[in-house]
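Now for the letters of each chain:
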Amino acid sequence: MSESVTSNSAHAEVVGGSDVGGDGSMLLSLRGITKSFGAVQALRHVDLDVPAGQVTALIGDNGAGKSTLIKAIAGIWEPTSGEKFWMGKKMQTHTPKDAANLGIATVYQDLALCDNLDIVANMYLGYEATKHEVLDEIAMEKTAQQTLKDLSVSTVQSVRQIVGSLSGGQRQAIAVARAVMRDAKLVILDEPTAALGVTQTAQVLDLMTTLASRGIGVLVISHNLNDVFEVADRLAVMYLGTLVSSGPKSNYTMSSAVELITTGTTSRAA
Amino acid sequence: MSATSDPAPAATENSPRTSLSGRVGGLIGSDVGIVPVLIALVVLIIYFQVRSSVFLSADNVTNLFIQAVGFILLGMAEVWLLLLGEIDLSLGWVAGMSGSIAAIYTNVKFGWPWWLAFLAALAFCTAIGALWGVLVVRLKLPSIIVTLAGSFIVEGLLLYILDHVFNGGGAPVQSNVLSNLTNGDLTPTFTWIFVIAVIVISATVLIVRERARRKAVLVVAPFYRIVVKLAALSVMGIVLALLFNSNRGSFIPIEGMPFAVPLIIGIVAIYSFILSRTKFGRYMYAIGGNTEAARRAGIPVNRYRVYAFMLGGFTAGVGGLFYVSRLGGYSSSSTDSTLVLYAVAAAVIGGTSLYGGRGKMIYPLVGGIIVAVIYNGLVLTQVSAPMEFVVIGVVLLGAVTVDSLARRSQSLLK
């Protein structure tokens, strides 16, 4: 019997396993996260666990609170109440920089790349390697090349290409590689395939699998259930600010997921 | 020059350059952005030489370089701002202010040592830049309006000072150092030493960099590109040295390269180095390319924008020193409200984008020479002064159009 079918429930997975510390085996655990903007409650008592080495898909309709939730994780804003645990320890992050220092990298939909700079410059932006105050281009280029190779990104011809000349999928890959190069332990992707064609979507999905296989936790927001079912190990469904269900992918079918997204409950067990 | 004007770390190998000029010059490699502009320059030179045989005389070429110095320095000042997508319309008057301060305080009436007067002038210009920058950043005002207002303020202040310090007599240049900025020359021997030193240093830098990349097993551009670059640089250097070293005086012999030339090349080299080889320069490009991305990368965007205004003011201040040196003094009648537009023209004609994120310090160098060639050539060919404005305007319009087209072709690629 799946815990995922009951709406608004505490997580069955963490029952007994967690008290104050969240689930120590999880990379990231959220407990009772609430976020209000004035009278509007964007998030209500959200409990979410993100394990390392797996792809967790966060799905839900527009306005369900997915973006609000990842922004709370990324340190863009603090939750009104609730606690965040990072590898079993309480998280004291208040800014995006704090979160980045812990190893949480967020790749937003707009990717935040500089089109006028090349791949190397973009991957190192804000963290340039220098030798006597002079940019160490050779060291940066080598590392950038290696990182892309490790992620099996083979479609870019040269790391000295201007990012403005890359395709959508390649840009996504560069944004992810930028995060990985900084030793990210959790990579959060916001709608990574939204604007991509078929081939490029496949490349990005491959990239997510590669990340997970390297022990990195991946939390991906997506509207595309085909993508989600193809790549995710776990699902978490949000509905009107609450996390109505979460668990391994095997607990869900396409139709039960759709029902959870649209109504917040499901009548059928997977 | 070319050794230091090679900032884009992106410019090696066969990266598909997206600018229009980039594609045209793709065959030649590395510094391709500048190649079409250089071709335009050569065409202009040939045209004016055909129309007027004195155009390429030693005397006129020297004169042309001295004229170009002001455009080049003010153009470089604008590049600092254009890189971030900002603009400073007050730089012409800021330059006038700098020249006047230097002329006034080195005047016998005050008798300051030249370096102190220069320092005061440059400090004032930098402070003015900082003021515009803070207004733009803190009050979130558009820089074009802040600096337009600033332009009137500085103009008024300057005219007031000029009218009152010497009872309306302006500020004549009396310091030898200030005068020599544009009127002094290297000896012919030192001219050769300088030219050879530039070639040797450029060759060393290019080859050392190539070696380092080869050693690191990174992709390197074909070696012939370095050879072509160095050959072009050497030919240019030798031709200029020969021109400068031939006698251009009518009564007493005048020969040698004007001091202004090595000084300008030195400034271009330093600025290019900062832009292409330091974090500071990298962040300038990043902010110009995508401000939000720069902010998320932890770059203190607003602080850098203020720095850009300060560097713009400082560089315009340096330009003002050369400008007043050429004019021999500054009075309320020698003021020139179109100077800043020539500066923007120099930067943009060279290839700097008005939209931010694209530009190098070599661009206003070439652009400033082009403006000076047109300016100088039109006088020699006896085109009336009003038509000069028309021609410069058309050239600027053309450059902006190319910039805009290049930008559109880039966004189409995505």
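Residues numbered from 1 in each chain as written. Chains lettered and ligands numbered in written order. Predicted model: local features only at pLDDT ≥ 70, side-chain atom pairs only at ≥ 80, totals over all residues.

**Some points on the overall build of chain B**
Applicable threshold: Secondary structure elements follow DSSP: runs of H or I no shorter than four residues count as helices, runs of E no shorter than two count as strands, and numbering proceeds from the N terminus. C-beta atoms are first placed from the backbone for all residues, and any pair lying within 7 Å is then listed as a contact.
Regarding its fold elements, chain B presents 16 helices and two strands. A sequence separation of at least 24 residues applies to 77% of the contacts in chain B between residues at least 6 apart.

**A word on the overall build of chain A**
Filter applied, for reference: We compute the radius of gyration over the C-alpha atoms and compare it with the globule rule, which gives 2.2 Å times the number of residues raised to the power 0.38. The burial criterion counts other C-beta atoms lying within 10 Å of a residue's C-beta, which is placed from the backbone; the residue is buried at 20 or more, exposed at 12 or fewer, and partly exposed between these limits.
Within chain A, the secondary structure is distributed over eight helices and 12 strands. Relative to its length of 270 residues, chain A is compact, with a C-alpha radius of gyration of 19 Å against a globular reference of 18 Å. Its C-alpha atoms give chain A principal-axis dimensions of roughly 55 × 40 × 35 Å. A burial count over chain A gives 51% of its 270 residues as buried. Put simply, 68% of the contacts in chain A that link residues at least 6 apart link residues at least 24 apart.

**As for helix α8 (residues 254-263) of chain A**
Residues and elements named next belong to chain A. The line we're drawing: As used here, the arc belongs to the directions running from the helix axis to the C-beta atoms.
Those residues of α8 not exposed but buried are S256, A257, L260 and I261. Around the axis of α8, the buried residues are gathered within 135° of arc, so they sit on the same side. Seen from the buried face of α8, the exposed residues on the opposite side, beyond 90 degrees, are M254, S255, T262 and T263. On its buried face, α8 is in contact with β3 (55-60), α7 (225-231), β11 (234-239) and β12 (242-248). One or two steps after α8, the chain reaches G264, where phi turns positive at roughly 90°.

**Focus: the pairing of strand β2 (residues 40-50) of chain A**
Residues and elements named next belong to chain A. Inclusion rule: Note: two strands are recorded as paired if DSSP finds a minimum of 2 bridges between them.
Bridge analysis of strand β1 (residues 28-37) against β2 gives seven bridges, and the strand direction is antiparallel. Bridged to L28 within β2 is V50. As consecutive antiparallel partners, β1 and β2 are separated by two residues, and within that stretch G38 has a phi angle of approximately 65°, a positive value.

**Here we look at the confidence of the model for chain B**
Note that predicted coordinates carrying low pLDDT should not be read in detail. Selection criterion: The pLDDT value expresses, per residue, how confident the predictor is, ranging between 0 and 100.
Per-chain confidence: chain B averages 86 in pLDDT, with 89% of residues scoring 70 or above. Here residues 1-31 of chain B is a poorly scored stretch, pLDDT under 50, and it has 91 contacts once near neighbours within four places are set aside; other chains count.

**Let's talk about the domain arrangement of chain B**
Using the following cut-off: Either an automatic procedure or a domain database provided the assignment from which the domain bounds are taken.
Examined at the domain level, chain B breaks down into domain 1 (35-60 + 68-184 + 278-326 + 336-402) and domain 2 (185-257). When each unit is reduced to the centre of its C-alpha atoms, the spacing between domain 1 of chain B and domain 2 of chain B is 26 Å.

**Structural notes on the sheet that holds strand β5 (residues 89-90) of chain A**
Backbone-to-backbone hydrogen bonds join strands into a sheet, with any given pair of strands oriented parallel or antiparallel. Residue and element names in this part refer to chain A. A sheet is described by the order of its strands in space; here four strands give the open sequence β2-β1-β4-β5, paired in antiparallel fashion. Here the strands that pair on one side only, and so sit at the sheet edges, are β2 and β5. Across two bridges, the pairing between strand β4 (residues 81-86) and β5 is antiparallel. Within β5, the residue paired with F85 across the bridge is K90.

**Examining the pairing of β12(A)**
Residue and element names in this part refer to chain A. Burial analysis of β12 places six of its seven residues in the buried class, which makes it a mostly covered element. Strand direction decides the pairing type here: β11 and β12, joined by six bridges, are antiparallel. If you follow L235 over to β12, its bridge partner there is G247. Hairpin remark: β11 followed by β12, antiparallel, with two residues in the connecting loop; positive phi at L240, about 45°.

**Structural notes on the interface of chain B and chain A**
To keep it simple, the criterion reads: As a working rule, the residues Ala, Val, Leu, Ile, Met, Phe, Trp, Tyr, Cys and Pro are called nonpolar, Asp, Glu, Lys and Arg charged, and the rest polar, with Gly in that last group.
Taken together, the contact pairs 32 residues of chain B with 26 residues of chain A. Mapped by element, the contributors of at least two residues to the side of chain B that touches chain A are α8 (188-215), α11 (279-289) and α12 (291-296) of chain B. When residues of the side of chain B that touches chain A are assigned to their parent elements, the largest contribution, six residues, is made by α11(B). Tallied by class, the residues present in the side of chain B that touches chain A amount to 13 nonpolar, 10 polar and nine charged.

**Quick word on the sheet that holds β12(A)**
Residues and elements named next belong to chain A. Selection criterion: Interaxial angle, 0 to 180 degrees, is taken between N-to-C directions of lines fitted to C-alpha atoms, where a helix line uses only the stretch in contact.
One open sheet holds the six strands; their spatial order is β6-β9-β10-β3-β11-β12, and the pairing between them is mixed. Each of the sheet's edge strands pairs with one partner strand only, and the pair in question is β6 (104-107) and β12. Averaged over all adjacent pairs, the angle separating strand axes in this sheet is 15°, with direction ignored. Lying over the sheet, helix α1 (residues 66-73) contacts β3, β6, β9 (186-190), β10 (217-221) and β11, oriented at roughly 150° with respect to β9. Across the face of the sheet, helix α6 (residues 198-213) comes into contact with β3, β9 and β10 while running at roughly 150° to β10.

**Points about the nonpolar core**
Keep this limit in mind: We define the nonpolar core as any set of buried residues of the types Ala, Val, Leu, Ile, Met, Phe, Trp, Tyr and Cys, connected via C-beta atoms lying within 7 Å of each other.
Of all hydrophobic cores here, the largest spans 195 residues; its most connected members are A:V187, A:I188, B:L74, B:A286 and B:A343. It is helix α3 (residues 58-82) of chain B that provides the largest number of residues to this core, a total of 15 residues. Built from parts of two domains, this core gets at least three residues from each of domain 1 (35-60 + 68-184 + 278-326 + 336-402) and domain 2 (185-257) of chain B. Once residues lying within four places of it in the same chain are set aside, the contact partners of B:L74 are B:L91, B:G92, B:A95, B:A316, B:G319, B:L339, B:V340, B:A343 and B:A346.

**Side note on the packing of helix α14 (residues 339-350) of chain B against helix α15 (residues 362-380) of chain B**
For any two helices packed against each other, the geometry comes down to the angle between their axes and how far apart the axes lie. All names here are of chain B. Definition in use: Here the angle decides the label: under 35 degrees means roughly parallel, over 145 means roughly antiparallel, 65 to 115 means roughly perpendicular, and every other value means oblique. Helix crossings get a hand from a simple test, with the near helix turned counterclockwise from the far one by less than a right angle marking a left-handed crossing and a clockwise turn marking a right-handed one.
The interhelical angle for the contact between α14 and α15, taken along N-to-C directions, is 120°, at an axis separation of 7 Å. The pairing of α14 with α15 is recorded here as oblique in orientation. For the element pair α14 and α15, the recorded crossing hand is right-handed. Residue-level contacts link Y342, A345, A346, A347, I349 and G350 of α14 to Y363, P364, V366, G367, G368, I370 and V371 of α15.

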